[in-house]
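This is what each chain is made of:
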Amino acid sequence: MMTAEYTTTNVFANEITALKQARFSGQMLLKGPLEQEWTFYLYLGRILYTTGGVHSVRRWQRNLATYCPQIAVHQLNLPTGFSSSDRSWEYQLLCFWVKQQQISRDQAVQLIRAAVTEVLFDITQVTQVMYQVKPDPKALSSQLVLVDAEQALAEAQQVWQTWQTARLAGLLPNRAPIIKRPEELQQQTSASTYQTLAALLNGQRTLRELALQMKRKVVEVTCSLLPYIQVGVVELIDIPDLPAPIPPTSTEVLSAAHPGGFSIQVTSQAPLVACVDDSPLVCQTMEQLLTEAGYRFVGVQDSLRAIATLVSRKPDLIFLDLVMPNTNGYEICSQLRKVSAFRSVPIVILTGNDGIVDRVRAKVAGSSDFLSKPLDAETLLTVLNRHLPKMAHPNVT
């Protein structure tokens, strides 16, 4: 193993080029001065995969949504014995899906190349890195693609140059924009523009996630927000990474530890509850509260795919966000009520604005109930018991 003290990222570039020339197989571990850590898996000097950084799970989910849209992140079919504690779990999942023909090799290759470029871009923004080299010819047993390190570095440098040319060098795409002074923003924009920005800039999505949601390049999205950021109306904040996916058991029964000390068995017969909300945080909170209570859960963050997903999964109850990009809860609710399978399914509108007008519109659109955010367990379970009285009694032991 070779260890280097903190050195410049240019030296890192020289080192990874040297590893290519030496046809090195193993791991290259990097650490930034702020405790950022990245891992490169190399085979014969070429990059098999890379992971790490402040948002490894967010990056994986974004690239999965981009290149493998047929994979539902919240309903992963994982192999028995799979552990998300393995540092290379993302790569192992790709290999598994390719083998099972759930995704194509080309899709996996596109995802890997995008992840490598993004990680190298993030590393270029770090002034110093410390690296270790661990020889291991069997670090990853399968080779989906071998990425040329020098070419990947050149692509990342080109992206970084574009970022600098746009005068964004001081901004990090892993940060999330949030409205700091809403009154000033309202004065500077039209009512419709402000409503759109208020829904998007909630501090829960990074610039990269907003770009994916808006189907635009991250440099374009950041440039459009730059005037607001420069005057302090909008602020970029650090947000935590998402939790890694938890593998289900082979029998499709999940044993979850309840805060009260007893265990809950979530079986395939438990009521299925869906949540359509573009916020990953809302979906995660909902999933945690519902699975702890013994329900099955399906989360839908892409509003354009909401109806297709709901028709496919046929949930027993639907939580539906009111304000989303591209569409809104009223429209989706109204469309669902036109489908015979959903005419009697409880649909609960979620909103951060508990106003009488919204309640009336939600009722007209066909909603069954109205729930204000942020969510809390007691209110959520009360709503569930109200609308699923015959099913809302999970098996508690």
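Residues numbered from 1 in each chain as written. Predicted model: local features only at pLDDT ≥ 70, side-chain atom pairs only at ≥ 80, totals over all residues. Heavy atoms only, no water.

Take the overall build of the protein chain next. Scanning the protein chain for helices and strands turns up 14 helices and 16 strands. The buried share of the protein chain, taken over its 397 residues, is 49%. A separation threshold of at least 6 residues defines the contact pool for the protein chain, and within that pool the share at least 24 residues apart is 69%. (Helix = DSSP H or I, 4+ residues; strand = E, 2+ residues; numbered from the N terminus. Buried < 20%, exposed > 50% of the residue type's maximum accessible area, 1.4 Å probe, protein only. Contact = heavy atoms within 4.5 Å.)

Regarding helix 14 (residues 377-387), the residues found buried are Leu 380, Val 383, Leu 384 and His 387. Down the axis, helix 14 shows its buried residues gathered within 100° of arc, on one side only. Contact partners of the buried residues in helix 14: strand 11 (272-276), helix 10 (280-292), strand 13 (317-321), strand 14 (347-351) and strand 15 (369-372). (Arc of directions from axis to C-beta.)

Attention shifts here to the nonpolar core. If you look at the biggest cluster of nonpolar residues, it comprises 47 residues, and the most contacted ones within it are Phe 12, Met 28, Leu 30, Phe 40, Tyr 49 and Ile 112. When neighbours within four sequence positions are excluded, Leu 30 is seen to be in contact with Phe 12, Gln 36, Glu 37, Trp 38, Phe 40, Ile 123, Val 129, Met 130 and Tyr 131. Phe 121, Ile 179, Leu 225 and Val 233 belong to the second-largest nonpolar core, a separate cluster that totals 23 residues. (Core = buried A, V, L, I, M, F, W, Y, C linked by side-chain atoms within 4.5 Å.)

This brings us to the environment of Leu 29. Looking at the secondary structure, you find Leu 29 in strand 3 (residues 26-31). Distance in space between the C-alpha atoms of Leu 29 and Lys 134 is 7.9 Å, their sequence separation being 105 residues. Residues in contact with Leu 29, not counting those within four places in the same chain, are Trp 38, Thr 39, Met 130, Tyr 131, Gln 132 and Lys 134.

Attention now goes to the packing of helix 2 (residues 56-67) against helix 8 (residues 207-214). The relative placement of two packed helices comes down to the angle between their axes together with the axis-to-axis distance. Interhelical geometry of helix 2 versus helix 8 gives an angle of 15° and a closest axis separation of 11 Å. Accordingly, the angle class assigned to the pair helix 2 and helix 8 is roughly parallel. Between helix 2 and helix 8 the crossing geometry is left-handed. From helix 2, Arg 58, Arg 62, Ala 65 and Thr 66 reach across to helix 8, where they touch Arg 208, Glu 209 and Leu 212. For the contact of helix 2 with helix 8, the per-class residue count stands at two nonpolar, one polar and four charged. (Axes fitted to C-alpha atoms, helices over the stretch in contact; angles between N-to-C directions. Parallel < 35°, antiparallel > 145°, perpendicular 65-115°, else oblique. Left-handed = near helix turned anticlockwise from the far one by under 90°. Nonpolar A, V, L, I, M, F, W, Y, C, P; charged D, E, K, R; others polar.)

All right, on to the packing of helix 8 against helix 9 (residues 218-230) then. Running from N to C, helix 8 and helix 9 cross one another at 105°; their axes reach a closest spacing of 8 Å. It follows from the interaxial angle that helix 8 and helix 9 lie roughly perpendicular. Side by side, helix 8 and helix 9 meet where Leu 207, Arg 208, Leu 210, Ala 211 and Met 214 of the first sit next to Val 218, Val 221, Thr 222 and Leu 225 of the second. Looking at the contact of helix 8 with helix 9, its residues break down into seven nonpolar, one polar and one charged.

Where burial is concerned, most of strand 5 (residues 46-52) is hidden: six out of the seven residues are buried. Judged from the six bridges that link them, strand 4 (residues 37-43) and strand 5 form a sheet pairing that is antiparallel. In the strand pairing of strand 5, Thr 39 is matched with Thr 51. (Pairing = 2+ DSSP bridges.)

Once that is clear, we can look at the environment of Asp 302. With respect to the secondary-structure elements, Asp 302 resides in the loop between strand 12 (296-300) and helix 11 (306-313). We classify Asp 302 as partly exposed; its relative accessible area is 31%. When the C-alpha atoms of Asp 302 and Val 276 are compared, they prove to be 7.8 Å apart, with 26 residues separating the residues in sequence.

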